Amino acid sequence: MTVLVPAPPPVPSGRAPQIADFRVRAESVAGRALPTATALHEWSVRSPDDFWRTLLAWSDLVVEGSAEPVRTGDDVEGARFFPDLRLNYAENLLRTLPGAGDDAPALTSVHGDGTVDRLTRGELRRAVRRTSRALAELGTSPGDTVLAIAPNSAGTAVAALAVAALGATLSTATPDMGPTTLVGRFGQVGAGTALVDRTGLGQDGAGPDEVLGTVLAGLPTVRRVLLLDDGPLPALDGVSVASLAALVAAVPPDDLGPAWPRQAFDSPLFVMFSSGTTGPPKAMVHGAGGTLLEHVKEHRLHGDLGPGDTLYFHTTTAWMMWNWQLSALAVGAHVVVYDGPVRGPETLWELVAGHGVTVFGTSPAYLQLCQDAGYRPRDAVALPALRAVLSTGAVLHEWQFDWVADAVGPVPLQSISGGTDIIGCFVLGHPELPVRRGRAQSLSLGLDVAALGEDGSPVLGEVGELVCRNPFPSRPVHFLDDPDGRRFHRAYFAAHPGAWTHGDRIEIDPDGSARLHGRSDGVLNVNGIRIGPSEIYTIVRAVPGVADAMAVETRDPDAPGSTRLALLVVLRPGVGMDDALALRIRSTLRREGSPAHVPSLVLAVDEVPLTHNGKRSESAARSVLDGEPVRNASALRNPGSLQGIAAALAATQARARAAADQPAEARGDGYGGTVHEVVARVFAEVLGGPVPEDADFFDAGGTSRQSMTLLRRLRGELRRPVGVDDLVAAPTIGGLAAVLAVEGRRDAAAEVLREGAPGVPPLVLVHGPQGDVDLYRSMVAALDTDAPVHGLTAHLGTADGVGEASIAELARRHAERLEELQPTGPVRLAGYSFGGLVALEMARLLSARGREVRFVGLLDLLPPTGQLSRNAQRLYHLAALAARLVPGMAGDTVADFLRAGPLRRLLPAPGPSTPDEEVLRRSEEAFNRHVWGPYAGPVSYFRARRRIPVIMNQLYALRRVVPDLTVVDVPGAHHDLLAAEHAAELAARVSEALRLSEALRVSEARAVPAR
């Protein structure tokens, strides 16, 4: 369990909360004091059987049978609760309670047209009994499944309770979800009866009856439709249709209804659905006992809800909060439901005020709507009854706590979070604890919730993966269409065996408070750096003119296998996106976040995609930005948002193309111009659009990888040295142009990539095919060695620049240069691909001259094709082609490969080559022409794990000349071996090889007999 420190003492209130009474009962069972919230939670997870048994007895639910055993085991995935207990969900919701007799308000239904229906607890019970009689007469019984397409109204609630009372299973959705979504959900449940309210069912020019016919055509198991609205009965082929109200009217008023069966604790009650944005929604079955007990626990112990309270939670029948709100009847609360639209920020606050709501449930999106509109509920309506505001559905930001305190009043804003998957909450409020700004007050009692770090161990005060490490009764009973349980296992238990993995990122403090950081699958991992989207939203929200944003990790079209950060921005009315605003957004993110928070792409859109539950769908936005079909677009409430994203992307791409074409026309041959003109043009081409003269390259969205591209492009076009230090010192167009305009700038033959301990021989890295060593910087930063690290360069525009010399000539020049820089001592060399071949040739030359070459590291050196037989060359080209058919295994496309290699003469180039492309071509030719010779010394070969086996690296050819070859597998493919996301492991393997080479030298020295 997560070890928590005692929380602050309880906050004084007008009466003792119900949790205080429960604590007395728990202390008598525990045999010790449990004075704090954290002490009670600790007991609840350390003694789970005692906790759940005590909660069941204290809740005074109507059950029969034995409460022993409490659980069938400790397995989170398979344990069942109270296997010998039986109950009826509806009976427990409608029973008479102290303080909530038959005359107490039970259900108030507010309609969009302003009319209101009210039911007392006695009236509601009688309505449910008569409705259950009507349904029973039609044959509804335990084991049946009934679906409901209906709004959040009293009629829906009565019908739902009647279905549950008969022991049948219910699955609900809203009429406005559309036929595709409705069929996608209900097609899995095999229901025989459909409860339908046609209000809002018509769409896209089709009437409600036409849409209903379309839905039923996709649900062949449905043989009976019971209408909840009062419209005329439609004619439906092969399906009987009746008005449920008419059937109930035929039941005598004094009819007590059929007997309501008490069923097993985990008998199916609700079929719920996942959001479905990444594929068909998962149909999960929740049991009656687990749902009821969890909801009673949350309502009474965490929400302090009971008789005298009025609860309104803004929800629809498609969201689990509808089921959660319905269960509040079990604790005697008065429930308000609303089936109308939110017409403005005042809509829900007027409802709260008009019906004396004491606990109001909403979402961060609605609170933000109110704040953005300048609406202040405390100034507009009277809220004397309101004692708490609950929020869920998305991350609740710190500024929203401030807004509620200022614009609503001194009521706690309680962040609650869980999900449809558990039909409850993992973190939520607590009546004894203060609210900490930006945080949920407590972990859910009885649930061993923890945050797991990268190594799978629990962490406090850090963001980690949300897991629950003990069984809990509201876990789904099973998935539909999952006979062997494999889908259920993969969904929650495969990632961390022995624990439920929820898919959220959470930060838990020692006091038990928690902050949600969004979905785990929403965490951005751009070039190996993990970024929580909520960090970006918090920063961007402060930029004037920004109303909302969505951060998405997408494929980088300019670097296959890599990703980039895109930011979708919803602007406030009257604000337009221009270069200045985009630059302000980027510079703010860089200043208040980090360079990793700066998006490469900023797009202004009218709205971001949302599911029917109001949750943001980054996956749908990502598909559009990646040019892929959106899976299950029908799961979105606003599918038109996808067209908006596509249009914004197309406009940005067209603008970038126009910017790239403009200078080309002026240049004539495509290149040239003053230093300033070249710098401005290359900035624009690398960043994808014009850049202001004084804009910082990194504020304008430039990444470290793009900075390397920028430097190479400038070296190639200006034919003069350009270093990283130049860009860091002068990151604007004007500043960098001024630095580079100085004549007579000298290029250093070697760069110090990292300082080291005095007297330790350096590790010397050899440049890549374009002459720079920038590609090594991420790896060098992560090396675990006290050795200095130097880089040998051959920049374009220098006397020894790449592109003209052979591999042998480059090796000779570098060997001479190295002996000038390091005239004595052992040599340690390494290089990636092209640089590895040069390093190997250098090792041969230096060994022949008598120098000790202590280490040679070849980073995924592929064989020069000139060293392979004709058949081996064919296999090699086949492997290279196959690699380009596997996503993420190659850095270019099939067409690029064919154009550059086997079909060079048949496939014309798409346009004139740039100088750096020309250098790359010449370097590749020099590489493949090289004839390598024998080298007797030890060599460490670092081979990319993602590769076409055997025929790609063809190590047998290398072993012919390097017999003492040690192969170490490292992450990544050949083209992204040195990418930031692989840097840590690659550096660890190289560091280990360096240490082994030193240990071997010491061992050999000791083995030499003294003379």
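- In the nomenclature of an unreviewed UniProt entry, the protein corresponds to Acetoacetyl-CoA synthetase from the organism Geodermatophilus aquaeductus.
- Entered under Cofactor (unreviewed entry) in the UniProt record, the comment concerning the protein runs "pantetheine 4'-phosphate".
- For the record of the protein, the UniProt heading Sequence similarities (unreviewed entry) holds the text "Belongs to the ATP-dependent AMP-binding enzyme family."

### Points about the overall build of the protein
And step 1. Secondary structure assignment for the protein yields 32 helices and 38 strands.
And step 2. Counted over contacts in the protein with a minimum sequence separation of 6, partners at least 24 positions apart contribute 71%.
And step 3. Within the structure as shown, the protein displays about 40100 Å² of accessible surface, and the carbon and sulfur contribution to it stands at 53%.

### A word on the pattern of salt bridges
And step 1. Across all of its chains, the model carries 50 salt bridges by this definition.
And step 2. Two residues, Arg 851 and Glu 819, come together in a salt bridge whose shortest N-O distance is 3.4 Å. Taken as a pair, Arg 851 in the loop between helix H27 (834-848) and strand E36 (853-859) and Glu 819 in helix H26 (residues 807-821) lie far apart in primary sequence, 32 residues in all.
And step 3. Residue classification places Glu 819 among the partly exposed positions, given a relative accessible area of 24%.

### Focus: the sheet that holds strand E2 (residues 85-87)
And step 1. Pairing in this open sheet of 3 strands is antiparallel, and the strands run E1-E2-E10 from one edge to the other. The open sheet terminates on both sides in strands that have one partner only, identified here as strand E1 (63-65) and strand E10 (263-264).
And step 2. Where E2 meets E10, 2 bridges bridge the pair, whose relative direction is antiparallel. Across the sheet, residue Leu 87 finds its bridge partner in E10, namely Gln 263.

### Side note on the side chain of Gln 325
And step 1. Tracing the chain through its elements places Gln 325 in helix H11 (residues 320-326).
And step 2. We classify Gln 325 as buried; its relative accessible area is 1%.
And step 3. Apart from residues no more than four positions distant in its own chain, Gln 325 is found in contact with Asn 152, Leu 311, Tyr 312, Phe 313, Thr 315, Val 335, Val 336 and Val 337.

### Topic: helix H2 (residues 37-46)
And step 1. With 8 of 10 residues buried, H2 lies mostly within the body of the structure.
And step 2. Within H2, the full set of buried residues consists of Ala 37, Thr 38, Ala 39, Leu 40, His 41, Trp 43, Ser 44 and Val 45.

### Quick look at the packing of aromatic side chains
And step 1. Going through the model one piece at a time under the given rule, you end up with 25 aromatic pairs.
And step 2. On the numbers, 6.1 Å between centres and 75° between planes, the contact of Trp 43 with Phe 51 is edge-to-face.
And step 3. Measuring from centroid to centroid gives 5.9 Å for Phe 479 and Tyr 492, while their planes differ by 70°, and the two rings are edge-to-face. Of this pair, Phe 479 sits in strand E24 (residues 478-479) while Tyr 492 sits in helix H16 (residues 486-492), and the two are 13 residues apart along the sequence.

### Concerning the sheet that holds E36
Remark on secondary structure: sheet strands pair via backbone hydrogen bonds, oriented parallel or antiparallel.
And step 1. Read from one edge to the other, the open sheet built from 7 strands follows the order E32-E34-E33-E35-E36-E37-E38, with strand pairing classed as mixed. On the outer flanks of this sheet lie strand E32 (750-754) and strand E38 (965-973), each paired with one strand and no other. Across the sheet, the mean angle from the axis of one strand to that of its neighbour is 25°, orientation sign disregarded.
And step 2. Here 6 bridges tie strand E35 (residues 827-832) to E36, and the two strands are oriented parallel to one another. For Leu 829, the partnering residue across the bridge sits in E36 and is Val 856.
And step 3. Running over the sheet, H27 touches strand E33 (763-766), strand E34 (789-792), E35 and E36 and is turned about 155° from E35.

### Brief notes about helix H15 (residues 398-407)
And step 1. Turning to H15, its buried residues number three or more, namely Trp 399, Gln 400, Phe 401, Trp 403, Val 404 and Ala 407.
And step 2. On its buried face, H15 is in contact with helix H12 (346-354), helix H13 (364-372), helix H14 (377-380), strand E17 (413-415) and helix H17 (533-540).
And step 3. At the exit of H15 stands Gly 409, carrying a positive phi of roughly 140°.

### A word on the pairing of E34
And step 1. By the bridge criterion, 4 bridges tie E32 to E34 in an arrangement that is antiparallel. Within E34, the position partnered with Ala 750 by the bridge is Leu 792.
And step 2. Bridge count between E33 and E34: 4 bridges; the pairing is parallel. Looking at the pairing, Leu 765 lines up with Gly 791 of E34.

### Observations concerning the confidence of the model for the protein
And step 1. Of all residues in the protein, 88% attain a pLDDT of 70 or more, and the chain-wide mean is 86.
And step 2. Overall, residues 663-671 carries pLDDT values under 50, and its contacts beyond four positions in sequence, including any with other chains, amount to 11 contacts.
And step 3. For residues 902-907, every residue scores under 50 in pLDDT, and the model assigns this stretch 9 contacts once sequence neighbours within four places are set aside.

The rules behind the values
- Residues numbered from 1 in each chain as written.
- Predicted model: local features only at pLDDT ≥ 70, side-chain atom pairs only at ≥ 80, totals over all residues.
- Heavy atoms only, no water.
- UniProt positions renumbered as here; feature names shortened; annotations may be inferred.
- Helix = DSSP H or I, 4+ residues; strand = E, 2+ residues; numbered from the N terminus.
- Contact = heavy atoms within 4.5 Å.
- Areas by Shrake-Rupley, 256 points an atom, 1.4 Å probe, with all protein chains shown as cover.
- Salt bridge = Lys/Arg side-chain N within 4 Å of Asp/Glu carboxyl O.
- Buried < 20%, exposed > 50% of the residue type's maximum accessible area, 1.4 Å probe, protein only.
- Pairing = 2+ DSSP bridges.
- Phe/Tyr/Trp six-rings, centres within 6.5 Å; stacked < 30°, edge-to-face > 60°.
- Axes fitted to C-alpha atoms, helices over the stretch in contact; angles between N-to-C directions.
- pLDDT = per-residue confidence, 0-100.

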